[in-house]
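Per-entry structural report
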Amino acid sequence: MTRHRIISHLAQATHDVGYIFIEEMKTVFKDEGVIIFFFVVPLLYPLLYSWIYNNELVTDVPTVVVDDSHSFLSRKFIRKLDATQGVKVIACANSIEEAREFMRRQDCRGIVNIPKDFASNIYKGIQTHVSVFIDMSGMLYYKALAISTTDVSLAMGAEIQVMKMSNYTARDDELNTAPLTFESISLFNPATGYGSYLLPGVLMLIIQQTLLLGIGLSAGTARENNKYKKLATIEERYNGMYRIIFGKGLCYFLLYAIISSYILLVVPHIFGFIQIGLPNDIIGIVLPYVLACIFFGMTVSCLIRYRENVILFIVFTSVPLLFLSGILWPASAISGTWKAISYLFPSTFGVNGFVKINSMGATLQEVYPEYVALWIQTAVYFLIACFVYRREIKKSKKITITRLETIRKENQI
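The structure presented is a predicted model; accordingly, all values stated were derived computationally and were not measured.

1. Quick notes on the overall build of the protein chain
The secondary structure content of the protein chain amounts to 14 helices and 4 strands. Out of the 413 residues belonging to the protein chain, those deemed buried represent 44%. Nonlocal contacts in the protein chain, meaning residues at least 24 apart in sequence, comprise 80% of its contacts between residues at least 6 apart. Total accessible area on the protein chain is roughly 23,300 Å²; 63% of this is exposed by carbon and sulfur atoms.

2. As for the packing of aromatic side chains
One pass over the structure, following the stated rule, counts 14 aromatic pairs. Pairwise contacts between aromatic rings join Phe-29, Phe-38, Phe-39, Tyr-252 and Tyr-256 into one cluster. A cation over an aromatic ring shows up here: Arg-105 above the ring of Phe-102, its NZ or CZ 5.1 Å from the ring centre.

3. Regarding the sheet that holds strand E4 (residues 131–134)
Taken together, the 4 strands give an open sheet; going across it, the order is E2-E1-E3-E4, and neighbouring strands pair in mixed fashion. Sheet topology places strand E2 (87–93) and E4 at the edges, where each strand pairs with a single neighbour. Between one strand axis and the next, the sheet turns through 25° on average, direction left out of account. With 5 bridges joining them, strand E1 (residues 61–67) and strand E3 (residues 110–114) adopt parallel strand pairing. Note on E3: the bridge partner recorded for Val-66 is Asn-113. Of the strands in this sheet, E1, E2, E3 and E4 touch helix H4 (residues 96–104), which is tilted by about 165° from E3. Where helix H6 (residues 139–163) meets the sheet, it contacts E1, E2, E3 and E4, and its direction lies at approximately 165° from that of E4.

4. Details of helix H13 (residues 346–360)
If you check H13, its first and last C-alpha atoms are 20 Å apart, about what 15 residues at 1.5 Å a residue would give, namely 21 Å. Within H13, 12 of the 15 residues are buried, which leaves it mostly tucked inside the rest of the structure. Among the residues of H13, those classed as buried are Pro-346, Ser-347, Thr-348, Phe-349, Gly-350, Val-351, Gly-353, Phe-354, Val-355, Ile-357, Asn-358 and Ser-359. Following H13 by one or two positions, Gly-361 has its phi on the positive side, about 75°.

5. Overview of H6
For H6, built from 25 residues, the straight-helix expectation of 36 Å at 1.5 Å per residue is met to within 8% by its first-to-last C-alpha distance of 36 Å. Summarising the contacts, the buried residues of H6 are in contact with E1, helix H3 (72–83), E2, E3, helix H5 (118–124) and E4.

6. Focus: the environment of Arg-307
Here Arg-307 lies in helix H11 (residues 307–324). Sequence separation between Arg-307 and Thr-221 is 86 residues, and the spatial gap between their C-alpha atoms is 6.3 Å.

7. Brief notes about unusual backbone geometry
Negative phi values dominate among residues other than glycine, just as trans dominates among peptide bonds. In the Ramachandran plot, Asp-60 falls in the positive-phi region, its phi being about 50° despite a non-glycine side chain. Tracing the backbone through its elements, the reader meets Asp-60 in the loop between helix H2 (32–52) and E1. Non-glycine residue His-70 carries a positive phi angle of around 55°. Mapped onto the secondary structure, His-70 falls in the loop between E1 and H3.

8. Examining the pairing of E2
Taken together, the 6 bridges between E1 and E2 define a ladder with parallel strand orientation. If you follow Val-66 over to E2, its bridge partner there is Ala-93. The β-α-β motif built from E1, the intervening H3 and the parallel element E2 has right-handed crossover chirality.

9. A few points about empty space enclosed by the protein
Counted by the stated rule, this structure contains 2 cavities of 30 Å³ or more. For the largest cavity, the full set of lining residues is Ser-196, Leu-199, Pro-200, Leu-203, Pro-268, Phe-273, Ile-274, Gln-275 and Asn-358. Examining the composition of the lining of the largest cavity, we find that 4 residues originate from one element, helix H8 (residues 194–225), more than from any other. Grouping the constituent residues of the lining of the largest cavity by class yields 6 nonpolar, 3 polar and no charged. At the level of elements, H3 and H6 are the ones that each hand at least two residues to the lining of the second largest cavity.

10. Here we look at the pattern of salt bridges
Using the criterion set out here, one finds 10 salt bridges in the structure. Residue Asp-16 pairs with Arg-243 through a salt bridge whose shortest N-O separation is 2.3 Å. Of the two residues, Asp-16 is situated in helix H1 (residues 2–30) and Arg-243 in helix H9 (residues 241–271); the sequence distance between them amounts to 227 residues. We note that Asp-16, like Arg-243, is buried. Close ionic contact of Glu-101 with Arg-104 constitutes a salt bridge, the shortest N to O distance being 2.4 Å. Of this pair, Glu-101 and Arg-104 are both found in helix H4, 3 residues apart, which corresponds to roughly one turn of the helix. Look at Glu-101 and you get partly exposed, because its relative accessible area is 32%.

11. Quick word on the side chain of Arg-109
Locating Arg-109 in the fold gives a position in the loop between H4 and E3. Take Arg-109: its relative accessible area is 17%, and that puts it in the buried class. Among residues more than four places away in sequence, those in contact with Arg-109 are Val-61, Pro-62, Met-103, Phe-133, Ile-134, Asp-135, Ser-137 and Tyr-141.

12. Brief notes about the nonpolar core
Among the nonpolar cores identified, the biggest contains 70 residues, and Phe-38, Tyr-252 and Met-298 are the most heavily contacted of them. Among the elements of the structure, H1, H2, H8, H9, helix H10 (279–300), H11, H13 and helix H14 (368–412) are those that each provide at least two residues to this core. Setting aside residues up to four positions removed in sequence, Phe-38 forms contacts with Val-28, Thr-210, Leu-211, Gly-214, Ile-215, Tyr-252, Leu-255, Tyr-256 and Ile-259. Ranked by size, the runner-up nonpolar core spans 18 residues in total, among them Val-65, Ile-78, Val-89 and Ala-146.

Criteria and cut-off values
Residues numbered from 1 in each chain as written. Predicted model: local features only at pLDDT ≥ 70, side-chain atom pairs only at ≥ 80, totals over all residues. Heavy atoms only, no water. Helix = DSSP H or I, 4+ residues; strand = E, 2+ residues; numbered from the N terminus. Buried < 20%, exposed > 50% of the residue type's maximum accessible area, 1.4 Å probe, protein only. Contact = heavy atoms within 4.5 Å. Areas by Shrake-Rupley, 256 points an atom, 1.4 Å probe, with all protein chains shown as cover. Phe/Tyr/Trp six-rings, centres within 6.5 Å; stacked < 30°, edge-to-face > 60°. Lys NZ or Arg CZ within 6 Å of the ring centre and 35° of its normal. Pairing = 2+ DSSP bridges. Axes fitted to C-alpha atoms, helices over the stretch in contact; angles between N-to-C directions. Expected span 1.5 Å × (residues − 1). Right-handed = clockwise from strand over helix to strand, strands pointing away. 1 Å grid on protein atoms, 1.4 Å probe; cavity = no way out; pocket = protein on both sides within 12 Å on 5 of 7 lines; lining within 4 Å. Points joined across faces, edges and corners; volume = space filled by probe spheres on them. Nonpolar A, V, L, I, M, F, W, Y, C, P; charged D, E, K, R; others polar. Salt bridge = Lys/Arg side-chain N within 4 Å of Asp/Glu carboxyl O. Core = buried A, V, L, I, M, F, W, Y, C linked by side-chain atoms within 4.5 Å.

Here's what the structure looks like:
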């Protein structure tokens, strides 16, 4: 009898999990808001971000030159600057005020001012200066213009130095102008592009934020549809917290197994972003990440009273979480308090682990701290979600019992 009862109980529990899974899947596809955050946003946002940053580098930054020198050397400097990949000289203004007008109309992103004594100082052997004014509203404009002007200045400086020497061979000129050479190698980002280092973290954050938004909207809908504004219904099949957690979690996991594959594998392949991680290692870090996000979302859903609340909360945290992950701002420069707060979110460990595997070629063993942290988050948030739903079930039962007693008393009267 005991064995029969255990088997019967497991069969009933499995049946209830399947029922909750099907009902949750129906809720997902019936709710327009959940559909938007579960399907439309993950489908379009990665394409939008990847398309914006697909060029990787900013080239031909429109620049206005103010040539107060009007000399052979100043014109040579302008020609060399215009020949670089990063700068395009669109006009030569007569004054700084005229160049500022170009900047005010946003026709240019930088101003190069060659002083009046540019050539005369060079011929006298006096150091001269070239002033560069850059639009800092976009860091990529600054990078392209600053590097281009620096390279031209160094090249012309070496040529001038050679002219003043009386060496016999080109090798002597080379040794005198550049006795110490260096070679800059960009590890894991050969093009030094913005998209190659930013997009992997953004794609991982999209998974977490859309998952939280969808689960939050579903929870808000459940509360609004529930007569007593509770997260758990009084239906008999929803009587066990584990059944609810496994049923809902299975629904979200199956959906995001497909969505995550599209976001992390298909989109980077379409736009040609760096992907040097092995598939098994990528799956290994994404699996606990998705599970941690699911249980974290189910835990946070206990705070969601209305559908609109989750949008305000999740959207507000998107940019801070991207900075706290350590890919936009160095983790060493983040204070201990904020670093501790960042450990509460799966994105912190998920983004770092995925970037190391996908962009730096690390193995799963080499991201062991992030891997373990994600499984710990999965376990912790699973237990908290169980506690939350258990409390909601007890409240629903209590309200139901109270309501039934009230009705019984009214009938007796």
